[in-house]
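# Structural characterization, general
Spelled out from the first residue to the last, the chains are:
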Amino acid sequence: MIDYQLDDAGIATLTWNMPGRSQNVLNGDSLSALYARIAQVTADPAVKGILMTSAKPDFIAGGDLEWLLAANQAQPLFDAILTLHRNLRLLETCGKPVAMALPGSALGGGLELAMAGHYRVAADNAKARFGLPEVTLGLLPGGGGTQRLPRLIGVMNALPLLLEGKKLKAAEALKLGLLHAVVAAGTEVAAAHAWLLAQTATVRQPWDVKGFKIPGGGVSNPGVQQIFMVANAKLRERTYGNYPAPANIMSCIYEGLITDFDTSLKTEARYFVNCVLSPEAKNMIRTLFFSLGEANKLAARPKDVPLQKYTQVGILGAGMMGAGIAYVTAKAGIRAVLLDTSQEAAERGRSYAQKLVDKQVARGRMAQDKADALIACIVATTDYAQLAGSELVIEAVFEDRAIKADVTRRAEAVLGNDAVFASNTSTLPITGLAQASGRPAQFIGLHFFSPVEKMPLIEVIVGQQTSQATLARALDFVKAVGMTPIVVNDARGFYTSRCFATYVFEGLAMLAEGVAPALIEGAGLQAGMPVGPLALTDEVSAELCVKIDRQTQSDLGAAYQKPVGIAVAQQLVSLGRIGKKSGKGFYDYAEGGKKALWPGLAEQFPVAAQQPALDTLVQRLVTIQSVESARCMAEGVVTTARDADVGSVLGWGVPPFSGGTISHIHSTGVAKFVAQCDALAALHGERFKPPQSLRDMVARGESFYTR
Ligand code: NAD
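Residues numbered from 1 in each chain as written. Predicted model: local features only at pLDDT ≥ 70, side-chain atom pairs only at ≥ 80, totals over all residues. Heavy atoms only, no water.

Along the chain, Leu 51 turns up in strand S3 (residues 49–54). Taking the C-alpha atoms as reference, Leu 51 lies 8.0 Å from Val 189; in sequence the two are 138 residues apart. Contacts of Leu 51, omitting those with residues within four sequence positions, involve Ile 11, Ala 12, Thr 13, Leu 14, Ala 99, Ala 101, Val 189, Ala 192, His 193 and Leu 196. (Helix = DSSP H or I, 4+ residues; strand = E, 2+ residues; numbered from the N terminus. Contact = heavy atoms within 4.5 Å.)

Laid out in structure tokens, this is it:
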């Protein structure tokens, strides 16, 4: 696990090399091995200096999340953290010099361990990153990171790393003083060794030297006070108090820096335990790490279908979506044939990609030759013959069945027999669109989100006749372009649009009930959604909501059920306030200015004298999305809790602290959630009624996740 070697100069080299893993991680086993090595090298008088490194490309990737997700008792966790602190303190105060030779990334617990050394030398490795990303999973660095980092580089420099989980390249870490040296790759161990040999006096950490002062000032420094004030306000603005981890990190730093170092570690340990046991951390680790990881590894891909490699993909329609799809395709090095009805429209789609790469080149994020190569991958055309040889065609023309049917036939006429045809429709059932195809088994839905280059999710829709091989090959495309898939079955609104709509319509229903617009929007933000339901309606446009509703009504006939709140959207459309694109909706959009709620709303939707409490509105907005997700699972539209959660977080902005719509039910407890739904149904209507599947789960004592 950690190899040991003592050389003639008395330098003990400890080399991390966990068997059967591509990365070293901190868990029960590796920490026991570490403690044994620390005891050995600190006690042995033959050891004059200690060098720690890794036999793997990276140093240590961080803590073992499986272990943290399973932790459910405070005392054993607290004790385990104090043991870690004791050992790292023993290492850094033993009087012998300790050097860390870092071949690659040192992240999370890995960087915390590195900070317990007196000297850190890293390889000049472009892939290496240094940081404490715990906050992104609802955690805080529990290995002394919240205490050593600000004492090393100052509060101001430490905050972005701790609060945002920012990762640094070696040169940046060197500049901040987190690293002492960066040397040619492969020479870092020799450099650490040379440093150890050069130490003649007893080596101490800066914070163990009498009279130590925190770089940039301690918490009583007026400048640092101001940093805390601003950071606290910004945190509140960004998180609405929904995320315990960053608030705990701020407390750790503030409280820790006014005490001695050993007390500060105990403070950190308490906050760490609080974080690990919080439902927010469990939800974030489950969804953002495990479920997202499984989705990205194509857990839903049918096995035994050979991997589909992509060399050319056709894209029909060079509008907003087609242009974005062409960009991500070309970015993956796949030739994108972008077709529209006029050459001008096709070129406009290509110029969208040009603008995106120009911006990146200007910001130094992309080399000019890479940008040129990307653009050269996009062919703008009106000629269907150019589609020949494509392994996949993605249709993103107007949302019109007849036009979609026409382009399907024309494309299939030039495609090879085994090519896959995908539609990016947002509302039209895939099985119906496949009727225009001569090979419906190779017809599938690939529902991208807007803007494509920023939204990492693709909802893959399996029609009634879609074959398993087509699904596998479509998933290979999702992976090739580096996006995340969820797999759903064909149904009206699929999964994401259907659940997302409930959030919007619940907000509209509140307006009709007389709830003040600002309160509705505040409830949406307090629930953790990126924007309130009224602003969101403006984004998608009330006109589109009405149009989709009309289409649904005509498709479903007698089975149609009027969505709550639709009358509000209709009223806005009748007033000509169709949404953001027209500059007016629920909000007024001054050109170049900030949006403001339209003062005329009060006249249209009188505000009731008695207003509900904010948290009752929050609960409605959260519950309606989760109960609709549960219904989608019960109906087989989405088949795994994993996809339901990942789709909700990545697709329509359900907040990560909840873990997604199904994780919300899981962490609330299914029985309690059902009771909440029943209470809301009694007050607000059948739409809150939980599906029978949830009641059955309660009866059987089941939950959605085992972890
Ligand atoms: P858009 O109006 O911006 O672009 C459509 C493009 O298709 C236009 O450039 C148009 O010239 C072209 N086109 C029309 N008929 C054509 C034909 N016969 N042959 C070739 N090209 C033709 O629309 P959009 O927003 O990009 O949406 C396209 C599709 O993607 C729709 O099905 C829509 O429902 C779906 N979608 C949209 C979004 C979104 O947020 N806009 C999100 C997901 C899916």
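That shown, we press on.
Across soluble globular proteins, you tend to see nonpolar side chains buried next to one another. Counting 85 residues, the largest nonpolar core has Trp 16 and Phe 59 as its most contacted members. A total of 8 residues in this core trace back to one element, the largest contributor, which is helix H11 (residues 261–276). One finds Tyr 503, Tyr 587, Val 638 and Val 674 within the second-largest nonpolar core, a separate group that totals 83 residues. (Core = buried A, V, L, I, M, F, W, Y, C linked by side-chain atoms within 4.5 Å. Buried < 20%, exposed > 50% of the residue type's maximum accessible area, 1.4 Å probe, protein only.)

Moving on to the sheet that holds strand S5 (residues 106–107). One open sheet holds the 3 strands; their spatial order is S5-S7-S8, and the pairing between them is mixed. With one partner strand each, in any of the chains shown, S5 and strand S8 (167–168) form the two edges of the open sheet. The pairing of strand S7 (residues 130–131) with S8 spans 2 bridges and is classified as antiparallel. The residue of S8 that forms the bridge with Gly 131 is Lys 167. (Pairing = 2+ DSSP bridges.)

Under the definition given, this model contains 0 disulfides. Not part of a disulfide, Cys 499 finds its nearest cysteine sulfur in Cys 632, a span of 4.0 Å. Of the residues examined, Cys 499 reaches a relative accessible area of 0% and is grouped as buried. Here Cys 545 stays free of any disulfide, with the sulfur of Cys 499 as its closest cysteine sulfur at 15 Å. Exposure remark for Cys 545: the relative accessible area of 12% places this residue in the buried category. (Disulfide = S-S within 2.5 Å.)

Moving on to the site of the ligand. Around the ligand, the structure places 20 residues, and the nearest of them are Met 321, Asp 340, Glu 399, Lys 404 and Ser 426. The contact in question runs from an oxygen atom of the ligand to an N or O atom on the side chain of Asp 340, over 2.7 Å. Between the ligand and Lys 404 there is a distance of 2.7 Å, counted from an oxygen atom to a side-chain nitrogen or oxygen. Here the ligand, which alone exposes 830 Å², has 77% of that area covered by the protein. Where the shell around the ligand is concerned, the elements lending two or more residues are helix H13 (320–331), helix H16 (401–414) and strand S15 (443–448). Across the shell around the ligand, the residue classes break down as 9 nonpolar, 8 polar and 3 charged. (Near = heavy atom within 4 Å. Polar contact = N/O pair within 3.5 Å; in protein donor to acceptor, adjacent residues only side chain to side chain. Areas by Shrake-Rupley, 256 points an atom, 1.4 Å probe, with all protein chains shown as cover. Nonpolar A, V, L, I, M, F, W, Y, C, P; charged D, E, K, R; others polar.)

Moving on to the domain arrangement of the chain. The domains assigned to the chain are domain 1 (2–277), domain 2 (312–491) and domain 3 (497–636 + 640–700). Here domain 1 and domain 2 have C-alpha centroids that lie 45 Å from each other. (Domains from an automatic or database assignment.)

Describing two packed helices takes the angle between their axes plus the distance from one axis to the other. Contact geometry of helix H19 (residues 496–513) with helix H20 (residues 517–526) gives a least axis separation of 9 Å together with a crossing angle of 150°. Relative to H20, H19 is oriented roughly antiparallel. Once H19 is placed against H20, the crossing between them reads as right-handed. Contacts between H19 and H20 involve Tyr 503, Gly 507, Met 510 and Leu 511 from the former and Pro 517, Ile 520 and Gly 524 from the latter. For the contact of H19 with H20, the class distribution of residues is 5 nonpolar, 2 polar and no charged. (Axes fitted to C-alpha atoms, helices over the stretch in contact; angles between N-to-C directions. Parallel < 35°, antiparallel > 145°, perpendicular 65-115°, else oblique. Left-handed = near helix turned anticlockwise from the far one by under 90°.)

All right, on to the pairing of S3 then. Counting buried positions along S3 gives 6 out of 6 residues, so the element sits mostly inside the fold. The side-chain alternation of S3 yields two buried faces, one formed by Gly 49, Leu 51 and Thr 53 and the other by Ile 50, Met 52 and Ser 54. In this structure, strand S2 (residues 11–16) lies alongside S3, joined through 6 bridges in parallel fashion. Within the sheet, the bridge partner assigned to Thr 15 lies in S3 and is Thr 53. Here S3 runs beside strand S4 (residues 98–102); their pairing, made up of 3 bridges, is parallel. Each bridged residue has a counterpart across the sheet, and for Leu 51 the counterpart in S4 is Ala 99.

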